[in-house]
Structures are given as structure tokens and as C-alpha cells.
Amino acid sequence: MSRKEEGIYWTMVGELMYQKILNLFETIEKFPVISSIRNGLVMTIPIVLIGSFILICKNIPVQEYQSFLSSFGNGVVLNIMNYIYDATFGMLALYIMLAISSVYARDNIELYGSKYGIPLTAVACFFIFTGASGNNFNLTSFGALGVFTGIVSAIIPVLFYQYGKNISQKCYYKFSSVGVDSNINKAISEIFPILFIIFPCASINAVVVQGLGYSSFQDFFLQIANLLFSQEGRSFLGGICWVFSTTFLWFLGVHGSNVLEGVAQHLFPSTVVLNVPVTSMGGIPHEILTKEFFNIYILMGGCGTSTCLLLAVFFFSKRKSSRGIAKIAAVPILFNVSEILVFGLPTVFNPILFIPFIGVPIIGYCIAYFSVSIGLVPVITHDIHWTMPIFFSGYFATESYMGAVLQGIILLVGTFIYRPFIRVYDAEKIRISKNYLQDLIDTLQKNEQINKNIILTQLQDQRGRLAKALLVELNEALKEKKLKLFYQPQYNHSQQCVGAEALLRWEHEFLGMIYPPLMIKLAEEAGFLKDLEKFVVVRAVHDMEFINFNRKEPLKICINVSAITIQDTTFEKFLDEVSKKKSVQKGSICLEITEQTALCCDEDTEAMFARIRKRGFQLAIDDFSMGHTSLKYLQVNQFDMVKLDGTLVKKIMENPRSKEIVSSIIALSHTLGFTVLAEYVETENQRVELEKLGCLNYQGYLYSPAIEFEEFIRYIEKRPEEAGSIK
């Protein structure tokens, strides 16, 4: 095997391994328990942000401000802040437990029949495991110290509730009563599943308390965790173990710092405990690994040294959605609150970002540890709150600008470590998004085929999330005028180019050309379809000046307008404004009525059509067939042209019925006085057959696909002798 072949072989092996790892993580992430933990933690972000904001306000290091908080209204402002903090961060474990259990119950309500049983069971388990009924109970168990217990209390009902429910359902009819309120019967049916779980939990807690001598299951967990970490103690390796463990838990979607808060308090006390007493006695502080050391040098921006990730996304990501999340997360990260970025990007269960997410904090830890140990940066001697922004925290904690410089070095190194992984992540997200986009298009097309309306943005999966993201980007593209018009030529039987249809196109930055019906559907769902179609009218009228420049016979430009738009009370005024700004020749613009929504055909509509035609605009019916809706439109004697339904034209050669329907429509055109144009004409045989039936105007790939405006100008300039008009 040559070196080139060997290189190709190992590249293929690497890609295969990479794909297997991606599939593994995707499989794990889809586990109901895992997704419930992740989504439950996302639900607690408002509580975390509110608590963080209060902490920031409480701990602004300005003496005059602190004096104001303490003295104003006898400390009323400070008391209000404390109340809010105690109700948010002070109860964080309780919120996390309720959120995880509620999310799981909500997502699996069809399985359990109720969304209340699991959260109620989780609450009971939480109170049992925290020793709420014991003499040594402390409310701090409901805060950061109890996060691990909260997660365990939420998971246990998730894993075992169904077993109790199955047993309960067998006995349900014995205990339920006919005629009794159904809610009472449902409540009775929840008794056994709840008891099925909380009794073993209470038994486990009893063993831990009476058999092992701990105050509660939570106390047992904290002591075991302390024992595991105390093997290395407050040493260089102990610090690495701590950084790895907390960051890895974050990668799994669990607040690592909170889960292991009890361990941190035991193993890495505050500098107030370790260094301040030494300094106050005139000694030289020497303890490097304090709680503030990790907050200032490792948790810059939050877990995973999130400030580095934030800068990497800002500078190196090309995806708007990633940069959008980064913008939203920027202010919280400034104060070391990373939840929005971690769950929004996300980094949770993200195999591509796993290496830098774990590696950057460890590398930062090594740089900081050795910088302090060899004396380049002073040991931390001041208690700095974890919400203090980067650089300020480094300076005030060490009373030296070198603390801030060290933060800057770690920030720079970490940002560039994240850089290649952000690029790979972008590429992978684009690939996945293209797959989801195709799924979204397939869903729309299937529902169109069976004439079923579907709301794409309400789909509860990746298709729905992509639809919402595309909707936002489409609206932005409309406002920023980044949408384009393509033109598809129209010909008559004499092979003269007589017009063109203006077709809206959106070339997405990463996903390429977006399927036009999907674009229209999203605009309709979001309520800006009228704005989208008005944009097309304005742009087409603007382009028409260049298209018909120095042309004796102007080409007719056909523009699609939905029934919703044309029946809007402001549409006629809009047409007047367009006509005033640009000189619109009579008959040069034809408005094609599409059928997203049925057109109301009454006297008012007919009068409105008459006024539009009087302004010099022609009217056409798009996708005309012999159906009830199409024939109903002909009762309004205001249409200049009908465009044959594409399915009729495509089948005209092999389906006699299609040929008969087309023939009937053409006969109607002679009687009622309108022009017929056939779309989707792709072969000369089709065109000849249509001409035999009396259809003399054509549009389709036989002549040209829809092409960009500049190309269309060149197209018609090459064929000046072919100019004609639709008869």
C-alpha cells in the first residue's frame, strides 16, 4: 500500500469512527431520562438568571453603594434582594427537581395519563433524601448543596413510576367508582405508584441514617464524594480531578459546580479561611488552590471557561444562529453565568465540542497553577464574589495587574483552542440542518398531496425547530432586502418571448436555495405573507423598467399574489403608490391569484377586481383546472388569463382525460374571452399537442428554467427579434 493509499485509508477510518461517535452521542441524547434532565435544566434558566442578577447587584464592590444598601430604609433594599435570592438560588435544587420531573411527565403524558404523579413523587423523594423531617435538617439542602439530590429525586420516579402504574391499573376498576368525578378516580389511581416509589426511598434513607450513622442520604453522598476527592487532597492533581469532574458533569447537562459544591467547600475552602488569616498576621500566604482560584482563573464566564467559547463563536463561527445565541449569552457570561450558552449552543452532549470544553479549563488550570507557584502572579488574598467580571476579579483578588494579565493569557489560549472545533461544529450543523430541511420539505409536500393543512412551526421535533429558525431568518432577509426575483420566460406559438413570471427565491447562506412553497408557507404562518408578496410586486415593477427598456412591445411580467393579499383592504392603495413611483404601462403587469386561501367571489370582490384592472393591471388565475374552486372564479368576469394546472400539462401526452380537460378549458376561454397559458411545458411534443388543442402560450423548461434577473436581461437581449405579446 502506497503512502497516498494509506493516507486515504486512515482518513476513511477516521471519518467512520467520527460518524460512529456522533451516532452514539445522538442515541444517548435521545434517551428520555437524558433529554428530561437537559430540558429540565433549561427550564430553570430564568431562576438562575434572576438569582445571578440579584447576586451581582448585592456584591458590587463599591463602598458607597454597599453603605447605601445597608442604610437605606433600614436595609429594606438589601432585604428585598435577600428575599429574591433565597427564593431563587436558595431553592435551586427544588426548582431543578420539579423541572426535570415535570418535563418528563409532560413529554410522556400519553404513557402515564397524568402529568402530576411524577412531580408529586419527586417532591416526596426529595424531602426524604434531604432529611427534611430530621433534627439536623438545614434549608441549605434546597440550594446548590442539594442539586445532586434534586436530580436523583427526579430521576427515580422517571425510572420506576411505570412499574407502579402498571400494577395500579390492574386494580383500578376495583377502587374506582361509577359516577364519581373522573379527577377523583385519577387521583386514587396515583396512590399506589407514588407509594411504590417513596416507600423504598424512605427505607433507603432509614438505612443510611440508622444503619450508617449519616444525617440523610444527601449527607451520605457529600461524605462519599469528599472521601473520593480527598485521596489527592488540595494538590495539583486534586485540582485537575476537580476541574475535570465539574466540567464533565456540565457536559452531561448537570450543574457540576452545584452538584459538587459540598465537596468544594470541604476540599477548597475560601481564601478567607486559608490566606486572609495569614496575611492579617503579617505572614506570607501560600495556599494556591482556594475557591476563588477556580472562580477567577478556571470558571471565567462559567463552566468550560465559557468566555473563551463565547469569543470563539463571535470571531470564528459563520452561523447566524450560533452568533445570535452568543449575543444573548454575552451579558450573563460577563458575570460568569453560562447556562444560556451551554444549553443554547449547545455544548451539552455535543461530541464535537467535548475536547475543548473539557480541555480548555484543564489547560487554563495548569497555566494558572504554575504561574502562581513560580511567583509570576501573586497568591489570591482577597475574597472576590464569583459574579465579578473577568479582569476586575483578577486584579482585585491579587491586588496586582498580573492577575488580570494571567486571565487574559488563559482567555487568548482557550479561544484559539476552541477555534478549529467551532469551524467543524459549523460544518456538522449545516449538514444536519440540510437533512432536517429535506425532512421539512417532505412533510410539506406529503400534506399538500393529500390537501391537508399543517402548521410547520408547531411540529414538536427538529423539523419544527428548524421551521422557526428559518422563519426568523426569512423575516430578516425580507427586511434587509436579501431576497431575489428569478424570471421564467413565456413564449407564444410563434416562438416569440412574450413575457415572464417573476418568482421569489431565497438563497440561504448555508442551506442554499430554499424550496419556494416552504418559504411561502412559513411567511403565511408568521403573518407576513402580505409583506412578502408586496416586496415581490415592488421589485418586479422596478425590474420591469430595465426589462422593457427600448422595447417596442413590452414583455408582460406575471406576479403571484395570494387571495389573502389581494383581498386586503390596503392592497389597492399599495398598487397606487407603486404606480406613482414607477411608470407602469397598461397591461404590462399581470397579478396571478394563487390559492393558498380560497378567494371570496362576491360582488365586492368583482368590484375590487374591476378597480385593479382599471389601474392598468391584468388578472390571472394560477393552477387552473376543472375543479369547483377554479370554475367558481370564472363567475367573476374580470380575469384576463388562466394558467393551466401543471399536473394536467405533465400528463397530456399519456392521459386522455387530461387532454379532454385542457380542451374544455380552451373552449371556455373562447367563450368567456380569456387567454390560456400552459406551465410545465418540458418537451416539444407537449407544446405541439397543446397547440393542436388551441393553447398558444407556454412556459417551462422547454424554453428556460427560472433565471436570475441579470441573466434574464442577457437572455432577452440576445433575442430582440423574438419580442411579442400574449394574445
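These numbers come from a predicted model, not from an experiment.

A.B. asks: So, the environment of Tyr-83: which residues are in play, and what are the values?
C.D. replies: Take Tyr-83: it is sitting in helix α5 (residues 76–87). Note on Tyr-83: relative accessible area 58%, which makes it exposed. Considered as a pair, Tyr-83 and Ile-54 are 29 residues apart in the sequence and their alpha carbons are 9.9 Å apart.

A.B. asks: Residues and numbers for helix α12 (residues 217–229), please.
C.D. replies: Helix length check: α12 (13 residues) gives 19 Å between terminal C-alpha atoms against 18 Å at 1.5 Å per residue, within 8%. By the burial criterion, the buried members of α12 are Phe-217, Gln-218, Phe-221, Leu-222, Ala-225, Asn-226 and Phe-229.

A.B. asks: Which residues make up the pattern of salt bridges, and what values go with them?
C.D. replies: In this structure the tally under the stated criterion is 17 salt bridges. Across the pair Glu-476 and Lys-320 runs a salt bridge whose closest N-O atoms are separated by 3.5 Å. A residue pair is termed long-range when its members are at least 10 positions apart, and Glu-476 in helix α25 (residues 462–479) and Lys-320 in helix α20 (residues 320–334) qualify at 156 residues. When the shortest N-O distance is used, the salt bridge between Glu-480 and Lys-482 registers 3.0 Å. Here Glu-480 falls in the partly exposed class, since its relative accessible area comes to 43%. Connected through salt bridges with shared partners, the residues Glu-501, Glu-592, Lys-643 and Glu-679 form a single ionic network.

A.B. asks: Report on the packing of aromatic side chains, specifying residues and quantitative values.
C.D. replies: Summed over the entire model, instances satisfying the criterion amount to 33 aromatic pairs. Between Tyr-487 and Phe-712 the ring centres are 5.5 Å apart and the planes differ by 20°, which places this aromatic pair in the stacked class. Pair noted here: Tyr-487 is in strand β1 (residues 484–492) and Phe-712 is in helix α35 (residues 709–717), with a separation of 225 residues, a long-range link. By relative accessible area, Tyr-487 is classed as buried at 0%.

Criteria and cut-off values
- Residues numbered from 1 in each chain as written.
- Predicted model: local features only at pLDDT ≥ 70, side-chain atom pairs only at ≥ 80, totals over all residues.
- Heavy atoms only, no water.
- Helix = DSSP H or I, 4+ residues; strand = E, 2+ residues; numbered from the N terminus.
- Buried < 20%, exposed > 50% of the residue type's maximum accessible area, 1.4 Å probe, protein only.
- Expected span 1.5 Å × (residues − 1).
- Salt bridge = Lys/Arg side-chain N within 4 Å of Asp/Glu carboxyl O.
- Phe/Tyr/Trp six-rings, centres within 6.5 Å; stacked < 30°, edge-to-face > 60°.

The analysis is restricted to geometry; functional conclusions fall outside its scope.
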